[in-house]
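As a plain string of letters, each chain reads:
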Amino acid sequence: MAVGSGSEGVVAVDPPVVAFAGLLRQLRVHAGLSQEELAEAAGVGARTVSDLERGVALTARKDTARLLADALNLSGTARASFEAVARGRAAPGASLPLDGGVAGAGGTLNNPFTYGNPISDPRRFFGRAREVEQIFGRLRNEEFESSSVVGDRRIGKTSLLNYLADPRVRAAHGLGPERYNFVYVDLQMVDKVMGPEQLWRRLLVLMRQQCADDGITGILAALERRERLDTFDLDELFQEVDDRGQHVVFLLDEFEHVTGNVNFGPDFYYGFRSMMIHHKVALVTSSRLELIQLCHSETVKSSPFFNIFANINLRMFSDADCQVMISRSLSGTTVQFSERDMEHLLDLAGLHPYFLQAASCMLYESHRMGLGEAARKVFLAEHFRGEAMPHFVDYWDNSGVYEKIVLTAAALLERTAEPLRAFSLKDLNGLFSRAEPSVERLEKRGLLMSRDGRYRLFSSVLGPWVLAQFTAEFSEEQSYHEWLAANGEPVERITGKEGGLLREILPRIGARHRQLIITWANDPQGLAALSSLLTNVLA
Ligand SMILES: Nc1ncnc2c1ncn2[C@@H]1O[C@H](COP(=O)(O)OP(=O)(O)OP(=O)(O)O)[C@@H](O)[C@H]1O
Ligand SMILES: [Mg+2]
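Owing to the predicted nature of the structure, the values given are computational and were not obtained by experimental measurement.

Caption draft 1: Layout of the overall build of the protein. For the protein, the helix and strand inventory stands at 27 helices and 7 strands. Taking 2.2 N^0.38 as the reference for a compact globule, 539 residues should give roughly 24 Å; the C-alpha atoms of the protein span a radius of gyration of 26 Å, in line with that estimate. When the backbone C-alpha atoms are referred to their principal axes, the protein occupies close to 80 × 60 × 45 Å. Taking all 539 residues of the protein together, 43% fall into the buried category.

Caption draft 2: The pairing of strand 2 (residues 180-186), seen in detail. When you tally the buried positions in strand 2, you get 7 out of 7 residues, the bulk of the element. Strand direction decides the pairing type here: strand 2 and strand 3 (residues 247-253), joined by 7 bridges, are parallel. In the strand pairing of strand 3, Tyr184 is matched with Leu251.

Caption draft 3: Quick peek at helix 4 (residues 62-71). Every buried residue of helix 4 is listed here: Thr64, Ala65, Leu68, Ala69 and Ala71. Seen along its axis, helix 4 keeps its buried residues to an arc of 160°; they face one direction. Across from the buried face of helix 4, at angles greater than 90 degrees, the exposed residues are Lys62 and Asp63. Of the residues flanking the end of helix 4, it is Asn73, one or two places downstream, whose phi is positive at about 65°.

Caption draft 4: Molecular detail of the sheet that holds strand 2. Spatially, 5 strands are ordered 2-3-4-1-5 in an open sheet, and the strand pairing comes out parallel. The strands lining the two open edges of the sheet, one partner per strand, are strand 2 and strand 5 (309-313). On average, adjacent strands in this sheet sit at an angle of 15° to one another, irrespective of strand direction.

Caption draft 5: Just the nonpolar core, in detail. One finds Ala359, Val406 and Ala409 to be the most contacted residues of the largest nonpolar core, which totals 118 residues. For this core, the element with the highest residue contribution is helix 20 (residues 401-416), accounting for 9 residues. The two domains that each donate at least three residues to this core are domain 2 (128-313) and domain 3 (399-539). With residues near it in sequence (within four places) discarded, Ala409 still touches Leu428, Leu431, Phe432, Ala435 and Ala529. By size, the runner-up hydrophobic cluster in this structure holds 20 residues, among which are Leu23, Ala69, Ala78 and Phe82.

Caption draft 6: Expanded view of the site of ligand 1. Around ligand 1, 21 residues are found, and the nearest of them are Gly156, Thr158, Ser159, Tyr354 and Gln357. When residues of the shell around ligand 1 are traced back to their parent elements, those giving at least two are helix 8 (157-165) and helix 18 (353-368). Looking at the shell around ligand 1 residue by residue, the class counts come to 9 nonpolar, 8 polar and 4 charged.

Caption draft 7: Examining the packing of helix 2 (residues 35-42) against helix 4 more closely. Relative orientation of the contacting elements helix 2 and helix 4 amounts to 110°, with a least axis distance of 8 Å. Regarding the angle of helix 2 to helix 4, the classification is roughly perpendicular. For the pair formed by helix 2 and helix 4, the contact residues are Leu38, Ala41 and Ala42 on the first element and Leu67, Leu68, Asp70 and Ala71 on the second.

Caption draft 8: Representation of unusual backbone geometry in the model. We note that Phe144 has phi near 55°; this positive angle belongs to a residue other than glycine. Phi angles above zero are rare outside glycine, and Arg154 is one such case at about 70°. On the secondary structure map, Arg154 appears in the loop between strand 1 (146-150) and helix 8.

Caption draft 9: Broad picture of the domain arrangement of the protein. Under the domain assignment used here, the protein contains domain 1 (17-91), domain 2 (128-313) and domain 3 (399-539). Its C-alpha centre places domain 1 at a distance of 48 Å from the equivalent point of domain 3.

Caption draft 10: Structural view of helix 22 (residues 435-444). For helix 22, the set of buried residues is Ala435, Ser438, Val439 and Leu442. Buried residues in helix 22, looked at end-on, bunch into an arc of 110°, giving them a common side. Helix 22 presents Pro437 and Glu440 as exposed residues on the side facing more than 90 degrees away from its buried surface. Its buried side turned inward, helix 22 meets helix 20, helix 21 (425-429) and strand 6 (448-451).

Definitions and limits used
All residue numbers refer to positions counted from 1 along the written sequence of the respective chain. Starting at A for chains and at 1 for ligands, labels are handed out in the order in which the entities are written. For this predicted model, a pLDDT threshold of at least 70 governs which residues receive local features, and a threshold of 80 or more governs which side-chain atom pairs are given and counted, while totals over whole chains, interfaces and linings are taken from all residues. Helix numbering and strand numbering both begin at the N terminus, where a helix is a DSSP run of H or I of at least 4 residues and a strand a DSSP run of E of at least 2. Each radius of gyration is computed over the set of C-alpha atoms, and the globule rule expresses the reference value as 2.2 Å times the number of residues to the power 0.38. Exposure criterion: with C-beta atoms placed from backbone coordinates, a residue whose C-beta has 20 or more other C-beta atoms within 10 Å is buried, one with 12 or fewer is exposed, and one in between is partly exposed. Note: two strands are recorded as paired if DSSP finds a minimum of 2 bridges between them. Throughout, the arc means that of the directions going from the helix axis to the C-beta atoms. Angular values range over 0 to 180 degrees, each being the angle between N-to-C directions of two axes fitted as lines to C-alpha atoms, with helices fitted over their stretch in contact. Residues of type Ala, Val, Leu, Ile, Met, Phe, Trp, Tyr and Cys that are buried and joined through C-beta atoms within 7 Å form what is called a nonpolar core. An automatic or database domain assignment supplies the residue ranges for each domain. By definition, residue pairs are in contact when their C-beta atoms, positioned from the backbone, come within 7 Å. Working rule for contacts: place C-beta from the backbone, and if it is within 6 Å of a molecule or strand, that residue counts as near it. Asp, Glu, Lys and Arg are counted as charged, while Ala, Val, Leu, Ile, Met, Phe, Trp, Tyr, Cys and Pro are counted as nonpolar; the rest, among them Gly, fall into the polar class. An angle below 35 degrees is treated as roughly parallel, one above 145 as roughly antiparallel, one from 65 to 115 as roughly perpendicular, and anything else as oblique.

The structure is reproduced here in structure tokens:
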């Protein structure tokens, strides 16, 4: 693939003066700690952590860096890298290998690809130009409008929120820090016992930490000392914010932790909505599914709060985004990916940002190890599979029965359409008559890709994994006869040719997938699918 240097979605920024700030925040959030908790665990002042994360202090003292590394449980290369960045001695943009993978094991500081944590350095953020403009555009409107970022696991939601919150990035979009306060909060910390007041308190603390207007930080500090906090207090606060010509954007990552939490009832949403209507307060939320699908009750679901958002769906990268990401990341290194490397990379990772970063990271590593083209291919395939599996399990577990059927049908079709793996919607309908709505969903989730009317699973590893599931864990489960005794009725209802085939297939399928096969057998196209399964997978 040609080396290019496009710049869409990327704002040119100065050297990474706040490199350590972003890194520390990433690691802290990764460890599930608040700034105060980290400070306490490390035995340093809360102010120290806050100053480092805001870039007020650019580097840490040696002993502080050590204490923070201890508290964050860092060891080996990750620790050495952390301390080097903390002291301002690491190469700018050096990535910290955080959670296993080849980078973790190989311990490289210079690998330009990152996949352990969300992207926090805007120079490493690629694509998403349209989404960024949509979100900023809504905030530049007189109405100061909110957005809801929706995307499946690992598609890049947190990275996008980080990018939006970066002061230099938003200044370049006309929303600079002098009038706009962007407050990022990871809502994974909202647990079963937390309620609206605690959440508001948290939001206000975070707001104070990054607000530059002393008048407002004073009010915030006074509110923090209050024993009770109610909607009137908030209203007064945001009135003051308005009067001082300031705006507040709360970036609420993983908002489903709130919408799915029974402690947050309709009043919370009415209150929040009223704050947003009457004051310069806006939200950018992120969630795995559309907010409305994630509410814990019908009353909350029907709240007008949810009407104020525009949904921004995060999907796969475009070809151009992918090219730009790889060529930009490799520029400044001595490594070049060959045409064959790129083919293999795209075959494994599709255009999914996370899987692209992971595969590129491994491929880069294999180059550094001096492996030849064929050996690189083997190295990449082996390591990629290990990295991808847990995510495949999660995607599968979060799929409905019809989505699972379509994934399986797609896997069967790919197997017969090798090496291009491409099939049409008609092919899919030939195996499952109700495929279409699920195809749309799976495409939205980034699991199916389409090009010129032809489809394929986003990764060549996904189809074989799906098919292997049907026979996996088989030996550990209850015997077929036990299962039949408990679940026999729907099986008995299917008679004739379908019934015969079904009874041939079911005993050879793991118990977890038998219900799916029965649903499939009830479809007009079920027989074709079951035959296919039998000859392709179970033979
Ligand atoms: N715009 C981007 N530019 C470069 N890499 C990206 C981008 N978006 C995502 N990635 C890659 O994908 C990985 C996952 O991104 P991120 O953590 O933001 O996803 P997420 O949707 O928030 O995931 P989760 O659902 O687990 O919270 C990043 O570590 C990075 O490797
Ligand atoms: Mg995230």
